[in-house]
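Structural overview
Spelled out, the chains give:
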Amino acid sequence: MRLLLLTHAFNCLTQRLWVELTESGYTVSVEFDINDAVTREAVAWFQPDAIIAPFLKRAIPQDVWRQIPCLVIHPGIVGDRGPSALDWAVLNNECRWGVTCLQANAEMDAGDIWAWAEFDMREAAKSSLYRHEVTEAAVITVRQALERMQSGSFRPRPLNYGDPEVRGQWRPRIRSRDRRIDWTTDTSAFVLRKIRSADGQPGVVDELFGEPVRLFDAWREDDLRGSPGALIARRHGALCRATVDGAVWIGQVKRNNAMGAGRLKLPATLAFADSVADLPDMAEQRTSDAPHETFREIRYWENAQVGYLEFRFYNGAMSVDQCERLLRAYETARSRPVRVLVLLGGPDFWSNGMHLNVIEAAHSPADESWRTINAIDDLAREIITTTDRVTVAALRGNAGGGGVFLALAADRVVARAGVVLNPHYKNMGNLYGSEYWTYLLPKRVGAERAKTLTENRLPISARRAAKIGLIDRVMSADAVSFVPAVEAWAENIAERENFDDIIRAKHEQRRRDESLTPLAGYREAELDQMKLNFYGFDPSYHVARYNFVFRVPHSRTPLHLAPHRRKQRES
Ligand code: COA
């Protein structure tokens, strides 16, 4: 079957479908939903058997859905309709939610139903539910719908609100006031739910330091107290604000009225750097493994000779400050008497490399880029040169750009089956990249494949990555059961009878590699190229970064995603 993915952006769900469907043998092409004429052109050139719409913000043109079956992925249970499905589900504290795959027709989300899947809700942000439960359910429904379509005998089910299985309803677009926080009455649980229902976009409208803002990245605080609504503390990037029954941390904010890059989503204490100085700094407190909830990006714990280092950086983006703190935590973990050290990243992303928003907001983005890549390289070097224990990168969530290569610095790389990797830098304005990738990548996949991966700029599934040796192992587990599965596997390594031999071999390998080409040589060569990206004549990296952080809409689908356009151009 020829499948056209018609989408607003090549987002995580679209990427996941793309890898799943291409790896299953479908012929897949992508077209961004830019305008109706462009969609018609793509249909004419690609001649798809079906269109799949994983993420659309506009209706599909009538002549297109009349001509070709168009399967729309709606992130809601059967019968749910409207543009804010998941926002309402989080805000209304639904216990179960789902994904419905329906055929586009003249009415929004009211077409015949090809397949659906349900899941239990977690206490998590909308974006996290989207990246995990919604994405997994969407893959199931699309596969089922395509099988049913190919069978030829299946009739999709018309939406019938009289059917007891149809539990959903039409819900309007959510408005700012539907989740506005009243700091004088709302409990912490309600504040968390409101902010989570709007994370990662569009955020909850509120005020900070007398300025209109949007809030993101909320964390529960169990100990601190204050008068409701008062800002009571800061820690690293986050601000703590009291509620009627406790407090919450706010990790990220957007200042609506700020100029230029000040308008971006930024760590809260960076966005209000001038205003937060008088708040008590809780940086060094409560960062140990205490049993209560608080804002803690980096956490370390041990069990059965295995150490676990978790780093929950928002969106997997790593600033200089975050890299330096992680490096310090890594050095401390390295001094502990454990045999295996597992780098857990965060639940949604392992890492997406340099923090592009913080870079954009810096006085000199070029200098900040330089500082950031050096901070990540310092961390990567520390991991690569750890020869007295086994290091493991365990990917619960996706990784992109330098984040993938940072993971390769560990001896073993394991990933959850649904993880998608983007092991390339070029989409960011032909960025060359560092993180010792010129050492780490060919070592795992060979020079030729390293070239293909970095040049093609395409996502790759964890399964495929394991097949080509980019990673070592895939674990079929969901977001929650992945960590226990990794624990069991890591403990098994720590208990191996030949553990000392493993360490000796690792030490010897590193010594040999270093004598062939010193790590410093790889770094220097990579950073020479990065210097050109940051400070050179060609501004592509700065332009691409600006477009990425300000979400400048696409004006065309890149040819590496749209082979139908490539063929058309060649003919
Ligand atoms: N710096 C800052 N923010 C980043 C980021 C980075 N390196 N990578 C991702 N994000 C943010 C996005 O802006 C988005 O923000 P939002 O919450 O405000 O919407 C969020 O993370 C999710 O990213 P998105 O692009 O929507 O996720 P995706 O799953 O569709 O795509 C990637 C994943 C990795 C392909 C894509 O995010 C990407 O290309 N990131 C940049 C990677 C990179 O070039 N890093 C720098 C070189 S090391």
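What you see is a predicted model, and the numbers here were worked out from it, not measured in a lab.

Taking 1.5 Å of rise per residue, 20 residues should cover 28 Å, and helix α10 (residues 365-384) covers 28 Å from first to last C-alpha, within 8% of that figure. Counting buried positions over the 20 residues of α10 gives 15, a clear majority of the element.

This paragraph deals with the site of the ligand. Among the 23 residues in the neighbourhood of the ligand, the closest are listed as K265, N315, M354, L356 and R551. In the environment of the ligand, an oxygen atom lies 3.0 Å from a nitrogen or oxygen atom belonging to the backbone of C12. Residue M354 places a main-chain N or O atom 2.7 Å away from a nitrogen atom belonging to the ligand. Its free accessible area being 870 Å², the ligand has 86% of it covered by the protein chains. Taken together, the elements giving at least two residues each to the shell around the ligand come down to α1 (12-23) and α9 (356-361). Along the lines of polarity and charge, the residues of the shell around the ligand split into eight nonpolar, twelve polar and three charged.

Reading across from one edge, β16-β18-β20-β21 is the order of the four strands in this open sheet, with mixed pairing throughout. Whereas interior strands pair on both sides, the edge strands pair on one side only; in this sheet they are β16 (349-351) and β21 (460-461). Examined bridge by bridge, β16 and strand β18 (residues 398-400) share two bridges and lie parallel to one another. Bridged to F349 within β18 is N398. Those strands touched by α1 are β18, β20 (420-422) and β21, and its axis lies near 100 degrees from that of β20.

Applying the stated criterion across every chain yields a total of 46 salt bridges. The salt bridge involving R179 is made with D87; its shortest N-O contact spans 3.1 Å. On the criterion of sequence distance, the pair formed by R179 in the loop between α5 (126-151) and α6 (188-196) and D87 in helix α4 (residues 85-91) is long-range, its members being 92 residues apart. Exposure class is identical for R179 and D87. Each is buried. The shortest N-O distance in the salt bridge between D281 and R234 comes to 3.9 Å. Highlighted residues: D281 in the loop between α7 (268-271) and β13 (298-303) and R234 in strand β9 (residues 231-235), separated in sequence by 47 residues. By relative accessible area, which is 43% here, D281 ends up partly exposed.

Counting residues in each nonpolar core, the largest one holds 90 residues, and the members touching the most others are L215, W350, M354, L395, L421, L441 and L470. Here the element with the most residues in this core is α10; it accounts for eight residues. Of the residues that make up this core, three or more belong to each of domain 2 (176-271) and domain 3 (298-538). Residues in contact with M354, not counting those within four places in the same chain, are M318, I359, S369, T372, I373, I376, L431, F534 and Y541. Ranked by size, the runner-up nonpolar core spans 42 residues in total, among them L17, V30, A50 and A115.

The rules we used
Residues numbered from 1 in each chain as written. Predicted model: local features only at pLDDT ≥ 70, side-chain atom pairs only at ≥ 80, totals over all residues. Heavy atoms only, no water. Helix = DSSP H or I, 4+ residues; strand = E, 2+ residues; numbered from the N terminus. Expected span 1.5 Å × (residues − 1). Buried < 20%, exposed > 50% of the residue type's maximum accessible area, 1.4 Å probe, protein only. Near = heavy atom within 4 Å. Polar contact = N/O pair within 3.5 Å; in protein donor to acceptor, adjacent residues only side chain to side chain. Areas by Shrake-Rupley, 256 points an atom, 1.4 Å probe, with all protein chains shown as cover. Nonpolar A, V, L, I, M, F, W, Y, C, P; charged D, E, K, R; others polar. Pairing = 2+ DSSP bridges. Contact = heavy atoms within 4.5 Å. Axes fitted to C-alpha atoms, helices over the stretch in contact; angles between N-to-C directions. Salt bridge = Lys/Arg side-chain N within 4 Å of Asp/Glu carboxyl O. Core = buried A, V, L, I, M, F, W, Y, C linked by side-chain atoms within 4.5 Å. Domains from an automatic or database assignment.

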